[in-house]
Amino acid sequence: MTLRDRVHDHQGLLLLGHPRYEDMREELLRSYRKVMLARRPDHRLVSTFRHVSAQLTFQDFVSYIVQQGEQEEVLLDPHWRSLYQMCNPCVIKYDFIGKFECLVEDISYAFKMMKEDDNEEIDDEFSFSSRAPATTQSLAHTYLSQLTPHQRLDILSKYLLDYLIFDYSLL
């Protein structure tokens, strides 16, 4: 299994609300720095679609996702679950919330903010492409233009709190 496969293997993903963490949840929230990266919900759907299916159209994929109820098992997949449900930004006091759309700047700021010691060096060279957000935006436009106005409204309805909480324009 490659590193990429292991990162995307969510079988062992336990959220902080899991009973396993019940006795230590408050201590974890108090003692760790908490950083979150948000991403436009419609762009997350495009990114996920590009990795999940060659047998499904983007319209079919979107219809499948928006028809799922909030408790459906499929929504447990962190690729398309609402960020407000998965990360609880209204409950957890994050030290920093960044956005994928300005990834390089936000990660650089977060690393500097989190360093423990002023003598600690931060490597400003990141191993990901700074073009990723621009590429995603271009691809997202292509895929989203395939949707009907009704499907676009369905996405907005399903992810409305993510759009509002993280200050994304409404489609």
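Residues numbered from 1 in each chain as written. Predicted model: local features only at pLDDT ≥ 70, side-chain atom pairs only at ≥ 80, totals over all residues. Heavy atoms only, no water.

A. Highlighting the overall build of the chain. Helix and strand content of the chain: 9 helices and 2 strands. Mapped from its N terminus to its C terminus, the chain presents α and β elements in the order α-α-β-α-α-α-β-α-α-α-α. Burial statistics for the chain: of 171 residues in total, 33% are counted as buried. Of the contacts made within the chain by residues no fewer than 6 positions apart, 66% connect residues no fewer than 24 positions apart. Only carbon and sulfur atoms are counted for the fraction: they give 50% of the accessible area of the chain, which is about 11500 Å². (Helix = DSSP H or I, 4+ residues; strand = E, 2+ residues; numbered from the N terminus. Buried < 20%, exposed > 50% of the residue type's maximum accessible area, 1.4 Å probe, protein only. Contact = heavy atoms within 4.5 Å. Areas by Shrake-Rupley, 256 points an atom, 1.4 Å probe, with all protein chains shown as cover.)

B. Layout of the confidence of the model for the chain. Here the chain averages 81 in pLDDT, while 75% of its residues score no lower than 70. Within the chain, helix α9 (residues 160–165) carries the highest mean pLDDT (96), whereas helix α1 (residues 3–7) carries the lowest (50). (pLDDT = per-residue confidence, 0-100.)

C. The arrangement of the pattern of salt bridges in detail. This structure, assessed with the given rule, holds 3 salt bridges. The partner of D95 in a salt bridge is K34, and the shortest N-O contact between them spans 3.9 Å. You can see D95 sitting in the loop between α5 (83–87) and β2 (96–99) and its partner K34 sitting in the loop between α2 (25–31) and β1 (35–38), a full 61 residues away along the chain. The exposure class assigned to K34 is buried, which follows from its relative accessible area of 14%. Note that R40 and D42 form a salt bridge whose closest N and O atoms lie 2.9 Å from each other. (Salt bridge = Lys/Arg side-chain N within 4 Å of Asp/Glu carboxyl O.)

D. Spotlight on the packing of aromatic side chains. All chains considered together, the criterion is met by 6 aromatic pairs. Measuring from centroid to centroid gives 5.4 Å for F58 and Y143, while their planes differ by 65°, and the two rings are edge-to-face. Of the two residues, F58 is situated in helix α4 (residues 58–67) and Y143 in helix α7 (residues 132–144); the sequence distance between them amounts to 85 residues. Each member of the pair, F58 as well as Y143, carries the same accessibility label: buried. The interplanar angle of 40° and the centroid separation of 5.2 Å between the aromatic rings of F96 and Y109 together place this pair among those described as tilted. With F96 in strand β2 and Y109 in helix α6 (residues 103–114), this residue pair connects regions lying 13 residues apart in the sequence. (Phe/Tyr/Trp six-rings, centres within 6.5 Å; stacked < 30°, edge-to-face > 60°.)

E. Focus on the nonpolar core. One finds L45, F58, F61, L83, L144, I155 and Y159 to be the most contacted residues of the largest nonpolar core, which totals 26 residues. Going through the elements one at a time, β1, α3 (41–52), α4, α5, α7 and α8 (149–158) are the ones with two or more residues in this core. With 5 residues, the single largest contributor to this core is α4. Setting aside anything within four residues of it in sequence, one finds L83 in contact with M36, A38, R39, R44, N88, P89, D162 and F166. (Core = buried A, V, L, I, M, F, W, Y, C linked by side-chain atoms within 4.5 Å.)

F. Region of interest: the pairing of β1. Judged by which residues are buried, β1 turns out to be one-sided: M36 and A38 face inward and are buried, whereas V35 and L37, on the alternate face, are not. With 4 bridges joining them, β1 and β2 adopt parallel strand pairing. Counterpart to L37 in the pairing with β2 is G98. (Pairing = 2+ DSSP bridges.)

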